[in-house]
Amino acid sequence: MAFRLKLVPDNTSFNFFRWQWLTFGVSAAAMVGSVLVLLVMGLNFGIDFKGGTTIRTESPTAFEVGEYRQAMSDLDLGDVSITEVFDPSFGETKHVAMIRIGTTDETGSVTPAQLNEIEAALKTVDPQVAFAAVESVGPKVSGELIKTALYAVGAATIGIMFYIWLRFEWQFALGAVISLIHDVLLTVGLFSLFQLRFDLTTIAALLTTLGFSCNDTVVVFDRLRENLIKYKTRPLLDLMNLTCNETLSRTIMTAVTTGIALTAMLIFGGDVIRDFVIAMLWGVIVGCYSTIYVAKNIVLWLGVKRDWSKPGPSEKAPGEDIPAAFRDAP
């Protein structure tokens, strides 16, 4: 006997819009809170956006960040930030530090002679330390990267809105774009609140999140359009609930399988891609939420036209296939 895993039972009848004002209010509050956190705390820009030099050190013995900082204090390097990197996969013989040196001139990079001085200074407190990677970005390049990243996110959002407008109606496009803005703001707010590193890989995660959220939204919108054609006299709220229940299994299965893969990357992928994976995981969660409780709420309030096609002679009576829980919904 074959075993088939079911995360969602067949023929569900959840009333997703029973608390529509509350859920949308929570979303609006979260967006406003994200903006406030961003304005107050700012972002922990990585080397891509901030400019300067990042040195990744590795040592088989434990070290103290204060000792590293004291050893480099006499080198006149300007703004220096040293953080220890923790990862369960490192083991007992791998200790990693990230040293960020701010831009000191137009080139924004530390010279080879300065690198030798830094290494020599660190070896006085940790003779076994080694430089695993060195990255440098000038201030001009970092400024261009910020603008390019903003253009990429903006262009993706506008392109998605235009596509959904052509495929459906302007109400659907507006709902989808507001849900995408919701996803981006909440992800950026998370990075600002916990001061996670925000760099080009985070922008890649944001763009991937936009695509994931848009795909989920389009699937539900497409089923909603079919139900609008099939049941012309039923209230829009009933059809919204019916559509969300019909696509619930697909939404949950997609989110869970994606989450399993991302969780494995988070645990075993190391600190290099950790911030990228966190952005992706958070994006999957808020993307599934916003598909129903942001995009669909907007469409519900704006209303849609109901004349995509004429009823055929074989069309079932209005409400015949709608679960009983929705037939008398207010």
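Calculation rules
- Residues numbered from 1 in each chain as written.
- Predicted model: local features only at pLDDT ≥ 70, side-chain atom pairs only at ≥ 80, totals over all residues.
- Heavy atoms only, no water.
- UniProt positions renumbered as here; feature names shortened; annotations may be inferred.
- Helix = DSSP H or I, 4+ residues; strand = E, 2+ residues; numbered from the N terminus.
- Buried < 20%, exposed > 50% of the residue type's maximum accessible area, 1.4 Å probe, protein only.
- Contact = heavy atoms within 4.5 Å.
- 1 Å grid on protein atoms, 1.4 Å probe; cavity = no way out; pocket = protein on both sides within 12 Å on 5 of 7 lines; lining within 4 Å.
- Points joined across faces, edges and corners; volume = space filled by probe spheres on them.
- Nonpolar A, V, L, I, M, F, W, Y, C, P; charged D, E, K, R; others polar.
- Patch = residues over 30% accessible without salt bridge, like charges linked within 9 Å, V, L, I, M, F, W, Y side chains within 5 Å.
- Areas by Shrake-Rupley, 256 points an atom, 1.4 Å probe, with all protein chains shown as cover.
- Salt bridge = Lys/Arg side-chain N within 4 Å of Asp/Glu carboxyl O.
- Phe/Tyr/Trp six-rings, centres within 6.5 Å; stacked < 30°, edge-to-face > 60°.
- Pairing = 2+ DSSP bridges.
- Axes fitted to C-alpha atoms, helices over the stretch in contact; angles between N-to-C directions.
- Expected span 1.5 Å × (residues − 1).
- Bend = angle between axes of the 7 residues up to and from the residue.
- Parallel < 35°, antiparallel > 145°, perpendicular 65-115°, else oblique.
- Left-handed = near helix turned anticlockwise from the far one by under 90°.

Taking an unreviewed UniProt entry as the reference, the chain is identified by name as Protein-export membrane protein SecF belonging to Paracoccus denitrificans. For the chain, the Function (unreviewed entry) comment in UniProt is given as "Part of the Sec protein translocase complex. Interacts with the SecYEG preprotein conducting channel. SecDF uses the proton motive force (PMF) to complete protein translocation after the ATP-dependent function of SecA."

> So what's going on with the side chain of T54? Which residues, and what values?
As for its position among the elements, T54 is in strand β2 (residues 52-59). The exposure class of T54 is buried, given its relative accessible area of 8%. With near-sequence residues (within four places) excluded, T54 lies in contact with I47, M98, I99, R100, A133, V134 and E135.

> Which residues make up empty space enclosed by the protein, and what values do they have?
Summed over the entire model, instances satisfying the criterion amount to one cavity of 30 Å³ or more. By volume, the largest cavity amounts to about 30 Å³. Around the largest cavity sit V220, C244, T247, L248, T251 and I292, which together line it. For the lining of the largest cavity, the per-class residue count stands at four nonpolar, two polar and no charged.

> Pulling in residues and values, what's your account of a nonpolar patch on the surface?
On the surface, a nonpolar cluster with roughly 820 Å² of combined accessible area is contributed by V32, V35, L36, L39, V40, M41, L193 and F194. Looking at the nonpolar patch element by element, the count peaks at six residues for helix α1 (residues 20-41). One can find L36 in helix α1.

> Before we move on, could you go through the packing of aromatic side chains and cite the residues and values that matter?
A full pass over the atoms with the stated rule returns ten aromatic pairs. Seen in terms of ring centroids, F14 and F16 are 6.1 Å apart; in terms of plane orientation they differ by 70 degrees. Their pairing is edge-to-face. Looking at F14, the relative accessible area reads 44%, which means it is partly exposed. In this structure F16 comes out as buried when scored by relative accessible area, which is 11%. A centroid spacing of 4.7 Å and a plane angle of 20 degrees characterise the contact between W21 and W301, whose relative ring orientation is stacked.

> Which residues make up the sheet that holds β2, and what values do they have?
Taken in spatial order, the four strands line up as β3-β4-β2-β5 in an open sheet, and their pairing is antiparallel. Looking at which strands have only one partner, the edges of the open sheet turn out to be β3 (80-85) and β5 (130-137). Along the sheet, successive strands turn relative to each other by an average axial angle of 15 degrees, direction set aside. Two strands pair when backbone bridges link them, and β2 and strand β4 (residues 95-101) are joined in this way by seven bridges, in the antiparallel orientation. The residue bridging T53 from the neighbouring strand is I101, located in β4.

> Outline the pattern of salt bridges, supporting the account with residue identities and numerical values.
Under the defined criterion, the tally for this structure stands at nine salt bridges. The partner of R56 in a salt bridge is E58, with the nearest N and O atoms 3.7 Å apart. On the basis of relative accessible area, E58 is assigned to the partly exposed category, the value being 27%. The shortest N-O distance in the salt bridge between D222 and R225 comes to 3.0 Å. Residue D222 and its partner R225 are both found in helix α7 (residues 200-230); the two are separated by three residues, about one turn of the helix.

> Please give an account of the layout of surface pockets that cites residues and values.
Approximately 380 Å³ is the volume attributed to the largest pocket. Residue assignment for the lining of the largest pocket shows that the elements contributing at least two residues are α5 (139-167), α6 (170-193) and α7. Taken together, the residues of the lining of the largest pocket break down into 17 nonpolar, one polar and no charged. For the second largest pocket, the calculated volume is near 320 Å³.

> I'd love a proper account of helix α10 (residues 274-302), names of residues and values included.
Between the first and last C-alpha of α10 there are 40 Å, a value that for 29 residues agrees with the 42 Å anticipated at 1.5 Å per step. Bending of α10 peaks at approximately 45 degrees at the position of S290. The buried fraction of α10 is high, at 21 of 29 residues. Positive backbone phi, approximately 80 degrees, marks G303, located one or two places after α10.

> Can you tell me about the pairing of β2, naming the residues and giving the values?
Within β2, seven of the eight residues are buried, which leaves the element mostly enclosed by the surrounding structure. Summarising the sheet, β2 and β5 pair through seven bridges and their orientation is antiparallel. Bridging across to β5, E58 finds its partner in A130.

> Residue-level account of the packing of helix α8 (residues 236-246) against α10, with values.
One way to put it is that α8 packs onto α10 with a least axis distance of 11 Å and a crossing angle of 155 degrees. When the interaxial angle is binned, α8 and α10 end up roughly antiparallel. Considering the relative orientation of α8 and α10, their crossing is right-handed. Together, L236, L237, M240 and C244 of α8 and I292, K296, V299 and L300 of α10 make up the contact between the two elements. Looking at side-chain class alone, the contact of α8 with α10 contains seven nonpolar, no polar and one charged residues.

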